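# Topology and contacts: notes
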Amino acid sequence: MRSKLIEFRNVSFRYGEEQPWVLKDCSFEIYENEWVAIIGHNGSGKSTIAKLMNGLLFPQRGEIFIDQKPVTPDTIWEVRKDVGMVFQNPDNQFVGTTVQDDVAFGMENRGFTRTEMLTRLEEVLAAVGMPAYRQTEPHRLSGGQKQRVAIASVLAVSPQVIILDEATAMLDPKGRQRIMQTIKDVQHSKDITLLTITHDLHEIVQADRVIVMNDGQLWDEGLPREVFSKKDGLKEIGLDTPFISSLAEELKLAGISLTQEPLN
Ligand code: ADP
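Just so we're clear, the structure is a prediction, and the values are computed from it rather than from any experiment.

## Concerning the pairing of strand β6 (residues 83–86)
- By the alternation rule, side chains of β6 split into Val 83 and Met 85 and Gly 84 and Val 86, which are all buried.
- Sheet topology note: the β6/strand β7 (residues 161–165) ladder contains four bridges and is parallel. Across the sheet, the residue bridging to Val 86 is Leu 164, located in β7.

What follows is the structure in C-alpha coordinates.
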(Lines give C-alpha, C1' and ligand atoms only; values in the text may rest on other atoms or scores of the structure.)
Protein backbone atom coordinates (compact mmCIF):
# COMPACT_ATOMS: atom_id res chain seq x y z
CA MET A 1 0.00 0.00 0.00
CA ARG A 2 1.24 3.53 -0.77
CA SER A 3 2.07 5.48 2.33
CA LYS A 4 0.78 8.95 2.96
CA LEU A 5 3.52 11.55 3.14
CA ILE A 6 1.61 14.82 3.23
CA GLU A 7 -1.86 15.32 4.59
CA PHE A 8 -3.99 18.47 4.72
CA ARG A 9 -6.95 17.91 7.04
CA ASN A 10 -9.71 20.53 6.76
CA VAL A 11 -7.21 23.37 6.44
CA SER A 12 -8.43 26.97 6.35
CA PHE A 13 -6.08 29.94 6.20
CA ARG A 14 -6.25 33.74 6.04
CA TYR A 15 -3.47 36.32 6.12
CA GLY A 16 -5.03 38.25 9.01
CA GLU A 17 -8.23 38.47 11.03
CA GLU A 18 -9.66 41.18 8.80
CA GLN A 19 -8.58 39.38 5.62
CA PRO A 20 -10.69 36.96 3.56
CA TRP A 21 -10.09 33.22 3.85
CA VAL A 22 -7.68 32.23 1.08
CA LEU A 23 -7.91 28.50 1.81
CA LYS A 24 -11.27 27.08 2.76
CA ASP A 25 -11.55 23.66 4.36
CA CYS A 26 -8.93 22.02 2.13
CA SER A 27 -8.29 18.32 2.54
CA PHE A 28 -5.98 16.19 0.40
CA GLU A 29 -3.25 13.60 0.65
CA ILE A 30 0.02 13.16 -1.22
CA TYR A 31 1.75 9.81 -1.27
CA GLU A 32 5.39 8.75 -1.16
CA ASN A 33 7.25 9.08 -4.47
CA GLU A 34 4.31 10.75 -6.17
CA TRP A 35 4.67 13.74 -8.46
CA VAL A 36 1.72 16.05 -7.96
CA ALA A 37 1.17 19.24 -9.97
CA ILE A 38 -0.97 21.91 -8.32
CA ILE A 39 -2.66 24.18 -10.84
CA GLY A 40 -5.29 26.90 -10.70
CA HIS A 41 -5.85 30.57 -11.56
CA ASN A 42 -3.70 33.29 -9.97
CA GLY A 43 -4.72 33.88 -6.39
CA SER A 44 -6.38 30.47 -6.00
CA GLY A 45 -4.16 29.61 -3.02
CA LYS A 46 -1.38 27.47 -4.53
CA SER A 47 1.62 29.29 -3.02
CA THR A 48 -0.14 29.51 0.32
CA ILE A 49 -0.42 25.70 0.30
CA ALA A 50 3.33 25.40 -0.39
CA LYS A 51 4.19 27.79 2.46
CA LEU A 52 1.96 25.90 4.87
CA MET A 53 3.77 22.68 3.99
CA ASN A 54 7.08 23.76 5.41
CA GLY A 55 5.88 25.91 8.24
CA LEU A 56 6.39 29.35 6.72
CA LEU A 57 2.71 29.84 7.61
CA PHE A 58 0.35 27.99 9.96
CA PRO A 59 -3.37 27.39 9.40
CA GLN A 60 -5.97 28.98 11.67
CA ARG A 61 -8.14 25.87 11.25
CA GLY A 62 -7.34 22.26 10.48
CA GLU A 63 -4.09 20.31 10.59
CA ILE A 64 -1.16 19.48 8.31
CA PHE A 65 0.98 16.36 8.64
CA ILE A 66 4.30 15.63 6.94
CA ASP A 67 5.34 12.01 7.31
CA GLN A 68 2.90 11.63 10.24
CA LYS A 69 4.38 14.67 12.05
CA PRO A 70 2.04 17.62 12.62
CA VAL A 71 3.46 20.87 11.24
CA THR A 72 3.52 23.26 14.21
CA PRO A 73 5.91 25.98 15.43
CA ASP A 74 7.59 23.30 17.57
CA THR A 75 8.25 20.91 14.70
CA ILE A 76 9.21 23.23 11.83
CA TRP A 77 12.97 22.66 12.03
CA GLU A 78 12.42 18.94 11.78
CA VAL A 79 9.82 19.37 9.04
CA ARG A 80 12.12 21.63 7.01
CA LYS A 81 14.71 18.87 6.89
CA ASP A 82 12.10 16.77 5.11
CA VAL A 83 10.73 19.46 2.83
CA GLY A 84 12.93 21.38 0.39
CA MET A 85 11.38 24.31 -1.36
CA VAL A 86 12.32 26.51 -4.30
CA PHE A 87 10.35 29.68 -4.97
CA GLN A 88 9.71 31.75 -8.04
CA ASN A 89 11.94 34.64 -6.95
CA PRO A 90 15.49 33.35 -6.65
CA ASP A 91 16.84 36.51 -4.99
CA ASN A 92 15.31 35.68 -1.63
CA GLN A 93 16.83 32.26 -1.27
CA PHE A 94 20.61 32.73 -1.12
CA VAL A 95 22.61 32.45 2.07
CA GLY A 96 26.16 31.92 0.76
CA THR A 97 28.56 34.46 -0.71
CA THR A 98 29.54 32.06 -3.51
CA VAL A 99 27.56 29.41 -5.35
CA GLN A 100 29.67 26.73 -3.65
CA ASP A 101 29.01 28.12 -0.15
CA ASP A 102 25.36 28.40 -0.90
CA VAL A 103 24.95 24.80 -2.00
CA ALA A 104 27.13 23.60 0.89
CA PHE A 105 25.12 25.47 3.53
CA GLY A 106 22.24 23.00 3.76
CA MET A 107 24.61 20.05 3.78
CA GLU A 108 26.66 21.57 6.63
CA ASN A 109 23.48 21.98 8.67
CA ARG A 110 22.67 18.33 8.18
CA GLY A 111 26.11 17.14 9.24
CA PHE A 112 27.43 15.84 5.91
CA THR A 113 31.17 15.07 6.02
CA ARG A 114 33.51 17.26 4.00
CA THR A 115 34.15 14.49 1.49
CA GLU A 116 30.43 13.85 1.04
CA MET A 117 29.85 17.56 0.61
CA LEU A 118 32.48 17.92 -2.11
CA THR A 119 31.19 14.90 -4.02
CA ARG A 120 27.58 16.04 -3.84
CA LEU A 121 28.49 19.61 -4.70
CA GLU A 122 30.05 18.45 -7.93
CA GLU A 123 27.16 16.11 -8.68
CA VAL A 124 24.40 18.65 -8.21
CA LEU A 125 26.16 21.53 -9.96
CA ALA A 126 26.74 19.24 -12.94
CA ALA A 127 23.11 18.11 -12.80
CA VAL A 128 21.83 21.69 -13.12
CA GLY A 129 24.46 22.66 -15.71
CA MET A 130 26.42 25.05 -13.46
CA PRO A 131 29.78 23.37 -12.72
CA ALA A 132 31.74 26.39 -13.97
CA TYR A 133 30.14 28.74 -11.44
CA ARG A 134 31.35 27.34 -8.10
CA GLN A 135 33.20 30.51 -7.09
CA THR A 136 30.71 32.98 -8.54
CA GLU A 137 28.80 35.33 -6.25
CA PRO A 138 25.08 34.49 -6.59
CA HIS A 139 24.06 38.11 -7.24
CA ARG A 140 26.16 38.09 -10.42
CA LEU A 141 24.09 35.28 -11.95
CA SER A 142 21.13 35.69 -14.29
CA GLY A 143 17.64 34.87 -13.02
CA GLY A 144 17.65 31.45 -14.66
CA GLN A 145 21.11 30.63 -13.30
CA LYS A 146 20.05 31.64 -9.78
CA GLN A 147 17.12 29.25 -10.08
CA ARG A 148 19.45 26.44 -11.12
CA VAL A 149 21.62 27.05 -8.05
CA ALA A 150 18.58 27.17 -5.76
CA ILE A 151 17.44 23.83 -7.19
CA ALA A 152 20.96 22.40 -6.76
CA SER A 153 20.95 23.42 -3.08
CA VAL A 154 17.71 21.52 -2.52
CA LEU A 155 18.83 18.46 -4.50
CA ALA A 156 22.09 18.36 -2.52
CA VAL A 157 20.35 17.43 0.72
CA SER A 158 17.87 14.92 -0.83
CA PRO A 159 14.83 15.88 1.22
CA GLN A 160 11.80 13.57 1.29
CA VAL A 161 9.68 16.21 -0.43
CA ILE A 162 10.69 18.82 -3.00
CA ILE A 163 8.29 21.68 -3.68
CA LEU A 164 8.89 23.81 -6.76
CA ASP A 165 6.72 26.93 -6.68
CA GLU A 166 6.97 28.31 -10.23
CA ALA A 167 10.67 27.58 -9.80
CA THR A 168 11.39 26.91 -13.46
CA ALA A 169 9.40 29.87 -14.77
CA MET A 170 12.55 31.92 -15.46
CA LEU A 171 14.21 29.26 -17.59
CA ASP A 172 13.80 28.89 -21.33
CA PRO A 173 11.84 25.80 -22.47
CA LYS A 174 15.00 23.77 -23.09
CA GLY A 175 16.53 24.69 -19.73
CA ARG A 176 13.24 23.91 -18.02
CA GLN A 177 13.01 20.48 -19.58
CA ARG A 178 16.60 19.72 -18.67
CA ILE A 179 16.09 20.69 -15.03
CA MET A 180 12.82 18.77 -14.79
CA GLN A 181 14.51 15.69 -16.24
CA THR A 182 17.27 16.01 -13.63
CA ILE A 183 14.73 16.40 -10.86
CA LYS A 184 12.75 13.41 -12.09
CA ASP A 185 15.90 11.27 -12.23
CA VAL A 186 16.78 12.25 -8.67
CA GLN A 187 13.17 11.72 -7.60
CA HIS A 188 13.20 8.13 -8.83
CA SER A 189 16.66 7.24 -7.58
CA LYS A 190 16.17 8.74 -4.12
CA ASP A 191 12.44 8.15 -3.58
CA ILE A 192 11.52 11.81 -3.42
CA THR A 193 7.97 13.13 -3.47
CA LEU A 194 7.64 16.02 -5.87
CA LEU A 195 5.15 18.82 -5.75
CA THR A 196 5.17 21.39 -8.54
CA ILE A 197 3.16 24.56 -8.80
CA THR A 198 3.36 25.53 -12.41
CA HIS A 199 1.72 26.87 -15.55
CA ASP A 200 4.05 24.80 -17.71
CA LEU A 201 1.84 22.42 -19.63
CA HIS A 202 4.63 20.09 -20.60
CA GLU A 203 5.28 19.59 -16.90
CA ILE A 204 1.65 19.33 -15.90
CA VAL A 205 0.77 16.52 -18.28
CA GLN A 206 3.69 14.44 -17.05
CA ALA A 207 2.73 14.55 -13.38
CA ASP A 208 1.24 11.45 -11.73
CA ARG A 209 -1.64 13.49 -10.40
CA VAL A 210 -3.04 16.99 -10.76
CA ILE A 211 -4.74 19.00 -8.02
CA VAL A 212 -6.84 21.89 -9.32
CA MET A 213 -7.39 24.80 -6.94
CA ASN A 214 -10.17 27.31 -7.41
CA ASP A 215 -10.77 30.22 -5.08
CA GLY A 216 -9.15 28.58 -2.06
CA GLN A 217 -10.83 25.24 -2.53
CA LEU A 218 -9.81 21.97 -4.05
CA TRP A 219 -11.87 21.95 -7.23
CA ASP A 220 -10.71 18.63 -8.68
CA GLU A 221 -7.94 16.08 -8.54
CA GLY A 222 -6.92 13.05 -10.55
CA LEU A 223 -4.80 11.81 -13.42
CA PRO A 224 -3.99 14.62 -15.89
CA ARG A 225 -6.14 12.98 -18.56
CA GLU A 226 -9.14 12.73 -16.23
CA VAL A 227 -8.90 16.30 -15.00
CA PHE A 228 -8.35 17.82 -18.44
CA SER A 229 -11.27 16.00 -20.01
CA LYS A 230 -13.53 18.48 -18.21
CA LYS A 231 -12.93 21.37 -20.55
CA ASP A 232 -15.90 23.55 -19.66
CA GLY A 233 -15.10 23.11 -16.01
CA LEU A 234 -11.57 24.37 -16.51
CA LYS A 235 -12.88 27.46 -18.31
CA GLU A 236 -15.38 28.07 -15.56
CA ILE A 237 -12.61 28.38 -13.00
CA GLY A 238 -10.67 30.93 -15.02
CA LEU A 239 -8.06 28.82 -16.77
CA ASP A 240 -8.18 30.66 -20.06
CA THR A 241 -8.71 29.41 -23.60
CA PRO A 242 -5.05 29.69 -24.76
CA PHE A 243 -4.08 27.57 -21.77
CA ILE A 244 -6.70 24.99 -22.60
CA SER A 245 -5.95 24.78 -26.32
CA SER A 246 -2.17 24.51 -25.76
CA LEU A 247 -2.99 21.84 -23.26
CA ALA A 248 -4.76 19.82 -25.96
CA GLU A 249 -1.58 19.98 -28.08
CA GLU A 250 0.61 18.99 -25.17
CA LEU A 251 -1.63 16.04 -24.30
CA LYS A 252 -1.49 14.89 -27.92
CA LEU A 253 2.33 15.10 -27.92
CA ALA A 254 2.46 13.12 -24.69
CA GLY A 255 0.25 10.46 -26.30
CA ILE A 256 -2.49 10.92 -23.73
CA SER A 257 -5.96 10.26 -25.04
CA LEU A 258 -8.84 11.80 -23.22
CA THR A 259 -11.64 9.92 -21.58
CA GLN A 260 -14.24 12.35 -22.93
CA GLU A 261 -14.44 14.57 -26.03
CA PRO A 262 -11.15 16.27 -26.98
CA LEU A 263 -10.24 19.75 -25.87
CA ASN A 264 -10.20 22.52 -28.47
P1 ADP B 1 -1.60 31.52 -6.07
O2 ADP B 1 -0.29 30.93 -5.69
O3 ADP B 1 -2.60 30.52 -6.51
O4 ADP B 1 -1.46 32.64 -7.06
P5 ADP B 1 -1.57 32.65 -3.39
O6 ADP B 1 -1.55 31.53 -2.43
O7 ADP B 1 -0.30 33.38 -3.67
O8 ADP B 1 -2.25 32.17 -4.75
O9 ADP B 1 -2.62 33.73 -2.89
C10 ADP B 1 -3.93 33.41 -2.46
C11 ADP B 1 -4.62 34.68 -2.00
O12 ADP B 1 -3.94 35.18 -0.86
C13 ADP B 1 -4.60 35.81 -3.04
O14 ADP B 1 -5.84 36.47 -2.98
C15 ADP B 1 -3.49 36.71 -2.56
O16 ADP B 1 -3.75 38.05 -2.92
C17 ADP B 1 -3.55 36.54 -1.04
N18 ADP B 1 -2.23 36.73 -0.43
C19 ADP B 1 -1.09 36.07 -0.75
N20 ADP B 1 -0.07 36.47 0.03
C21 ADP B 1 -0.58 37.41 0.87
C22 ADP B 1 -0.03 38.21 1.92
N23 ADP B 1 1.25 38.09 2.27
N24 ADP B 1 -0.86 39.05 2.57
C25 ADP B 1 -2.17 39.15 2.24
N26 ADP B 1 -2.75 38.43 1.27
C27 ADP B 1 -1.98 37.58 0.58
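## Some words on unusual backbone geometry
- Within the chain, Asp 67 stands out as a residue other than glycine whose phi angle is a positive 50°.
- Secondary-structure assignment places Asp 67 in the loop between β4 (61–66) and β5 (69–70).
- Located in the positive-phi region is Ser 158, a residue other than glycine, with phi close to 40°.
- In this fold, Ser 158 is placed in the loop between α5 (143–156) and β7.

## Some words on the site of the ligand
- Taken together, Tyr 15, Gln 19, Val 22, Gly 40, Asn 42, Gly 43, Ser 44, Gly 45, Lys 46, Ser 47 and Thr 48 are the residues near the ligand.
- The element contributing the most residues to the shell around the ligand is helix α1 (residues 46–53), with three residues.
- Considered class by class, the residues forming the shell around the ligand number two nonpolar, eight polar and one charged.

## Brief notes about the environment of Lys 174
- Structurally, Lys 174 can be placed in helix α6 (residues 173–190).
- On a C-alpha basis, the gap between Lys 174 and Leu 118 in space is 28 Å, while along the polypeptide they are 56 residues apart.

## Let's talk about the sheet that holds strand β10 (residues 217–222)
- Read from one edge of the open sheet, six strands run β6-β7-β8-β3-β9-β10, paired in mixed fashion. With partners counted over all chains shown, the strands left at the sheet margins are β6 and β10, one partner each. Neighbouring strand axes in the sheet, compared pairwise and without regard to direction, differ in orientation by 20° on average.

## Points about the confidence of the model for the protein chain
- Residue-level pLDDT values for the protein chain average 86, and 87% of them are 70 or greater.
- Taken together, the stretch residues 259–264 has pLDDT below 50 and engages in 13 contacts with residues farther than four places along the chain or on a different chain.
- Scored by ipTM, the complex comes to 0.99, with pTM at 0.87.

Cut-offs and rules
- Residues numbered from 1 in each chain as written.
- Predicted model: local features only at pLDDT ≥ 70, side-chain atom pairs only at ≥ 80, totals over all residues.
- Buried ≥ 20, exposed ≤ 12 C-beta atoms within 10 Å, placed from the backbone.
- Helix = DSSP H or I, 4+ residues; strand = E, 2+ residues; numbered from the N terminus.
- Pairing = 2+ DSSP bridges.
- Near = placed C-beta within 6 Å.
- Nonpolar A, V, L, I, M, F, W, Y, C, P; charged D, E, K, R; others polar.
- Axes fitted to C-alpha atoms, helices over the stretch in contact; angles between N-to-C directions.
- pLDDT = per-residue confidence, 0-100.
- Contact = placed C-beta atoms within 7 Å.

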